[in-house]
Protein chains: 2
Amino acid sequence: MKGNICYSKSSNEICIVENGYLVCEDKKCAGVYTELPEQYEFFPLFDYSEQLVVPGLVDLHVHAPQYPFRGMAMNLELIDWLNAYTFVEEAKYKDLEYAEKAYEIFVDDLKKSATTRAVVFGTIHKDATLLLMDKMEKVGIKGFVGKVNMDRNSPDYLCEENAEKAAIITEEWINACEKYENVKPILTPRFTPSCTDELFEKLSVLQKKYNLPVQSHLSENLGEIEWVKELCPGTKNYGDSYDRYDMFGNDCPTIMAHCVYSGEEEVETMRKQGVFVAHCPESNTNLSSGVAPVKDYLKKGLKVGLGSDIAAGSSLSIFKAMAMAVQCSKLRWRLFDQSVEPLTVDEVFYLATKGGGEFFGKVGSFEEGYEFDAVVIEDATIRHPQELNVKERLERVIYLAEDKNIVAKFVNGKKIL
Amino acid sequence: MKGNICYSKSSNEICIVENGYLVCEDKKCAGVYTELPEQYEFFPLFDYSEQLVVPGLVDLHVHAPQYPFRGMAMNLELIDWLNAYTFVEEAKYKDLEYAEKAYEIFVDDLKKSATTRAVVFGTIHKDATLLLMDKMEKVGIKGFVGKVNMDRNSPDYLCEENAEKAAIITEEWINACEKYENVKPILTPRFTPSCTDELFEKLSVLQKKYNLPVQSHLSENLGEIEWVKELCPGTKNYGDSYDRYDMFGNDCPTIMAHCVYSGEEEVETMRKQGVFVAHCPESNTNLSSGVAPVKDYLKKGLKVGLGSDIAAGSSLSIFKAMAMAVQCSKLRWRLFDQSVEPLTVDEVFYLATKGGGEFFGKVGSFEEGYEFDAVVIEDATIRHPQELNVKERLERVIYLAEDKNIVAKFVNGKKIL
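Before going into details, it helps to say that this report is about the structure given with it. (Residues numbered from 1 in each chain as written. Chains lettered and ligands numbered in written order. Predicted model: local features only at pLDDT ≥ 70, side-chain atom pairs only at ≥ 80, totals over all residues. Heavy atoms only, no water.)

### Observations regarding the overall build of chain A
Piece 1. What chain A contains, in helices and strands, is 13 helices and 17 strands.
Piece 2. Taking 417 residues into account, the globule formula puts the C-alpha radius of gyration at 22 Å, and chain A, at 21 Å, falls close to it.
Piece 3. Expressed as lengths along the three principal axes of its C-alpha atoms, the size of chain A is roughly 60 × 50 × 40 Å.
Piece 4. Counting over 417 residues, chain A shows a buried share of 67%.
Piece 5. Partitioning the contacts of chain A with sequence separation of at least 6, the portion at a separation of at least 24 is 75%.
Piece 6. Approximately 14,700 Å² of chain A is accessible, and the part contributed by carbon and sulfur atoms is 47%.
Piece 7. Looking at charge distribution, chain A has the averaged site of its 47 positive side-chain charges lying 1 Å from that of its 66 negative ones. (Helix = DSSP H or I, 4+ residues; strand = E, 2+ residues; numbered from the N terminus. Rg over C-alpha atoms; globule rule 2.2 N^0.38 Å. Buried < 20%, exposed > 50% of the residue type's maximum accessible area, 1.4 Å probe, protein only. Contact = heavy atoms within 4.5 Å. Areas by Shrake-Rupley, 256 points an atom, 1.4 Å probe, with all protein chains shown as cover. Lys, Arg positive; Asp, Glu negative; His and termini not counted. Charge placed at Lys NZ, Arg CZ, Asp CG, Glu CD.)

Set out below in structure tokens:
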């Protein structure tokens, strides 16, 4: 592939090769070159000389069933928002006809976006979740999808009957996922307030039996954190409510969304146990949750990626998540805590690619051996009268790209757009 | 015009007439009706039955010459950002060939946006500013445009020779503006740090002689405010540095951009003297300036509108400014000061239409007698599986509209897009 190639090696360095060659061999990156080495001369060439080529973006946290009400109903904080809007919408996915219509739109929009990998919440409904996975499998997006578990503090119309039944249905769902190549199951206890101890115990058994990853929510909202304290009196912190069931890193690959208010001890456990933080700046803004101290997390060596968190976040665009991550970190610095510096453009580009990509293995960079996920961006519609270098063009794209600017997308070596 | 009509009467109420009629008579709104009154039956009908129809949006603060570097170079705070990037770019407009290329892009993008009225900064260059005005006049956007004045604390390459010459050239420019119908001149001392007392005096004379409005910047950044204190030892506050030359409301219609840190006394003067605040949330975020307490300003009865503030703001979209105004007010509330509530969707819609529109007279609403500025929005690309009411559709548009969704635009009764 020929183009203006941009990728991260580390969180503070974007590598740029203007008019370079990016070689894909056996679905993997085989290097970035200014001159094409002789041995690749007979490979087919995709010529994107005028365009930007970046690694596929990674969305570490997105609620597919909430896509219908993106951009609406953000006048409440987390718990009230869940009860007033979110649970009502998610309950509709019991009806497969509705799920078909809704997930068709979600997956089609995801396909047109710059996202190549996504870690997705479904609903409690097994069949609707499989329908979502069918659709993602078909378009070629890679990802993890979770049938949600919740058996307490949830409305009657969106609550699993009991822990035992929840576990049985969840295991049926896990077995039904065997057929997929691109999408894999991820255990998804919604969050501590909505899961009984018994449910956690049973999910922990399934986690070990099938060696599954886990996703959930952590320390997002001050009221939520207080509630978890009340619900789990024996725990050291919110994170511990997952850790006590071995669903917090170590042998269990784990993504925790938000971590806006994780204390020192919680952060240190996440670091030691390799828990991924899904930073969702637009969501944390729209629900007035706050701003996670991401620069600090990076300094401490935590694993961090970005999430759109539809529908608390309004946009599926991980470019928008990058811009918002910078913007929110600036307001956090100015309004709240000058000890944590704002994020840079280089850092958020890293978070959206290699940072989140690490959850999938060697994903999110063009370094040798990385899976070949690439997005081609045509930025000529963002007009300018002066000369711009590739770095400047990339920065503009982060702030201003729309779906129309995404002109080609490759996942694991295969062109899907 | 037939469509789903949305407009503000006050800051806390969006009026919605589903499938209604909006009548234009002699360039003015003649009412919104659920059934078309008999006397209008033979008027030509624009049928936008499926679409949303809203008042044209008002951008109270935008730097046209900074458009080329939108979305880039936002790693510094105000004063350093001006010196490192902004002044360097603005100096290029001495070259009319560059100005031609750059302003062509700016005005064309402005035309495609939902903005019908704009209050614009040019550069210190008379000819380039007239070129910008020619272009705005031609496409039919209404607005005020200012040739910038600055004669101190500015780099040699972007500094007027002295106050006297500045005033002579400014008066030549004012006289050259007589030919315009749509765009009018507005006096534009850049901000207090870049204008000598002598320059302010001479501009004040021109203001009174030609009865011109004034635009400038106020209380944007903490370092800037300290600097103004040093530069103007006799003044009560930053606002007073304009007020002492009668360029702060009363008989001089005035827009002050930002007002992030206006103190009680400054705010009270603005209220009494009817100074407009141009609230620029994206700019104040990108330059780490802070967040203006807009809810408080509204409660106190200040006149407030929104500004894109290109290029400290990356986007020309006033829809984006609305969303950011809500978002930034939520973070201000959460991180800094719970005594000032977040803004609502209804309030930011008001700010972007009737709030800012008031600077132009009866502009920004569909109430009877208002100038007929209307924008038609096709939101079918924002797909959804469920029924949505008009209010929900409007809210989504505020968060998610792109230029492609703007399908028609009328300014003062004339269709310009």
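### Considering the packing of aromatic side chains
Piece 1. Enumeration according to the criterion identifies 36 aromatic pairs over all chains in this entry.
Piece 2. Ring centres of A:Phe144 and A:Phe359 lie 5.5 Å apart, and the angle between their planes is 75 degrees; this geometry places the pair in the edge-to-face category. Here A:Phe359 lies in the loop between α12 (345–357) and β15 (374–377) and A:Phe144 lies in strand β7 (residues 142–146), a separation of 215 residues in the sequence.
Piece 3. Their ring planes at 20 degrees and their centres at 6.0 Å tell us that B:Tyr238 and B:Tyr242 sit as a pair that is stacked.
Piece 4. Taking relative accessible area as the criterion, B:Tyr242 reaches 0% and is therefore assigned buried.
Piece 5. Each member of the aromatic cluster is reached from another via a ring pair, and the members are A:Phe200, A:Tyr238, A:Tyr242, A:Tyr245 and A:Phe248.
Piece 6. If you follow A:Arg70 out to its NZ or CZ, it ends over the ring of A:Tyr67, 3.7 Å from the centre. (Phe/Tyr/Trp six-rings, centres within 6.5 Å; stacked < 30°, edge-to-face > 60°. Lys NZ or Arg CZ within 6 Å of the ring centre and 35° of its normal.)

### A short note on the packing of helix α2 (residues 96–112) of chain B against helix α3 (residues 126–139) of chain B
All names here are of chain B.
Piece 1. Their axes nearest at 9 Å, the elements α2 and α3 cross at an angle of 30 degrees. Viewed along their axes, α2 and α3 adopt a mutual orientation that is roughly parallel. Relative to α3, α2 is oriented so that their crossing is right-handed. Residues Leu-96, Ala-99, Glu-100, Tyr-103, Glu-104, Phe-106, Val-107 and Lys-111 of α2 lie in contact with α3, whose contacting residues are Asp-127, Ala-128, Leu-131, Leu-132, Lys-135, Met-136 and Val-139.
Piece 2. Residue composition of the contact of α2 with α3, by class: ten nonpolar, no polar and five charged. (Axes fitted to C-alpha atoms, helices over the stretch in contact; angles between N-to-C directions. Parallel < 35°, antiparallel > 145°, perpendicular 65-115°, else oblique. Left-handed = near helix turned anticlockwise from the far one by under 90°. Nonpolar A, V, L, I, M, F, W, Y, C, P; charged D, E, K, R; others polar.)

### Concerning the state of the cysteines
Piece 1. Inspection of the entire model under this criterion finds zero disulfides over all chains.
Piece 2. Note on A:Cys195: no disulfide assigned, nearest cysteine sulfur contributed by A:Cys159 at a separation of 9.6 Å.
Piece 3. Left without a disulfide partner, A:Cys328 is nearest to the cysteine sulfur of B:Cys328, which lies 7.8 Å away.
Piece 4. A:Cys328 sits in the buried class, given a relative accessible area of 4%. (Disulfide = S-S within 2.5 Å.)

### Observations regarding the sheet that holds strand β7 (residues 142–146) of chain B
All names here are of chain B.
Piece 1. Taken in spatial order, the four strands line up as β5-β6-β7-β9 in an open sheet, and their pairing is parallel. Strands with a single pairing partner mark the edges of an open sheet, and in this sheet they are β5 (57–63) and β9 (183–185). Between one strand and the next, the sheet's axes are offset by a mean angle of 20 degrees, whatever the strand orientation.
Piece 2. The pairing of strand β6 (residues 115–121) with β7 spans five bridges and is classified as parallel. Residue pairing across strands places Arg-117 opposite Lys-142, the latter belonging to β7. (Pairing = 2+ DSSP bridges.)

### With respect to the pattern of salt bridges
Piece 1. Scanning the entire structure with this criterion turns up 58 salt bridges over all chains.
Piece 2. A salt bridge links A:Asp379 to A:Arg393; the shortest N-O distance between them is 2.9 Å. Here A:Arg393 lies in helix α13 (residues 390–400) and A:Asp379 lies in the loop between β15 and α13, a separation of 14 residues in the sequence.
Piece 3. A salt bridge links B:Asp296 to B:Lys300; its shortest N-O distance comes to 2.9 Å. (Salt bridge = Lys/Arg side-chain N within 4 Å of Asp/Glu carboxyl O.)

### Topic: helix α3 (residues 126–139) of chain A
Residues and elements named next belong to chain A.
Piece 1. Between the first and last C-alpha of α3 there are 20 Å, a value that for 14 residues agrees with the 20 Å anticipated at 1.5 Å per step.
Piece 2. Considered for burial, the residues of α3 that qualify are Ala-128, Thr-129, Leu-130, Leu-131, Leu-132, Met-133, Lys-135, Met-136 and Glu-137.
Piece 3. Structurally, α3 contributes buried residues whose contacts are with α2 (96–112), β6 (115–121), β7, α4 (163–176) and β9 (183–185).
Piece 4. The first or second residue beyond α3 is Gly-140, which carries a positive phi of 95 degrees. (Expected span 1.5 Å × (residues − 1).)

### As for the pairing of strand β1 (residues 2–10) of chain B
Residues and elements named next belong to chain B.
Piece 1. Burial analysis of β1 places seven of its nine residues in the buried class, which makes it a mostly covered element.
Piece 2. The turn joining β1 and strand β2 (residues 13–25), which pair antiparallel and follow one another in sequence, is formed by two residues.
Piece 3. Pairing of β1 with strand β4 (residues 47–55), which is carried by four bridges, proceeds in the parallel orientation. Each residue of the ladder has a partner; that of Lys-2, found in β4, is Asp-47.

### Here's the deal with the interface of chain A and chain B
Piece 1. Contacts between chain A and chain B engage 53 residues on the former and 53 residues on the latter.
Piece 2. Together, the buried faces of chain A and chain B total about 4,400 Å²; carbon and sulfur atoms form 57% of this surface.
Piece 3. Across the contact surface, chain A and chain B share six salt bridges.
Piece 4. The partner of A:Asp108 in a salt bridge is B:Arg383, and the shortest N-O contact between them spans 2.9 Å.
Piece 5. Where chain A touches chain B, the interface holds 24 residue pairs in polar contact (both at pLDDT 80 or more). (Buried area = accessible area lost by both parts, 1.4 Å probe. Polar contact = N/O pair within 3.5 Å; in protein donor to acceptor, adjacent residues only side chain to side chain.)

### Details of the side chain of A:His217
Residue and element names in this part refer to chain A.
Piece 1. Within the fold, His-217 resides in strand β11 (residues 214–218).
Piece 2. The exposure class of His-217 is buried, given its relative accessible area of 6%.
Piece 3. Reaching out from His-217, the side chain makes a polar contact with the backbone oxygen of Arg-190 at a distance of 2.7 Å.
Piece 4. Among residues more than four places away in sequence, those in contact with His-217 are His-61, His-63, Phe-121, Arg-190, Phe-191, Tyr-238, Tyr-242, Met-256, Ala-257 and His-258.

### Considering the sheet that holds strand β16 (residues 406–411) of chain A
Residue and element names in this part refer to chain A.
Piece 1. On the basis of which strands lie adjacent, the open sheet formed by seven strands has the order β3-β2-β1-β4-β15-β16-β17 and mixed pairing. This sheet does not close on itself; its edge strands, each paired only once, are β3 (28–33) and β17 (414–415).
Piece 2. In the sheet, strand β1 (residues 2–10) pairs with strand β2 (residues 13–25) via seven bridges, with the strands oriented antiparallel. Paired with Lys-2 across the two strands is Tyr-21, which belongs to β2.
Piece 3. Against the sheet, α13 touches β1, β2, β4 (47–55) and β15, its axis set at about 60 degrees to β4.

### A word on the pairing of strand β15 (residues 374–377) of chain B
Residues and elements named next belong to chain B.
Piece 1. A two-sided burial pattern is seen for β15, the buried positions comprising Ala-374 and Val-376 on one face and Val-375 and Ile-377 on the other.
Piece 2. In the sheet, β15 pairs with strand β16 (residues 406–411) via four bridges, with the strands oriented antiparallel. Looking at β16, one finds that Ala-374 is bridged to Phe-410.

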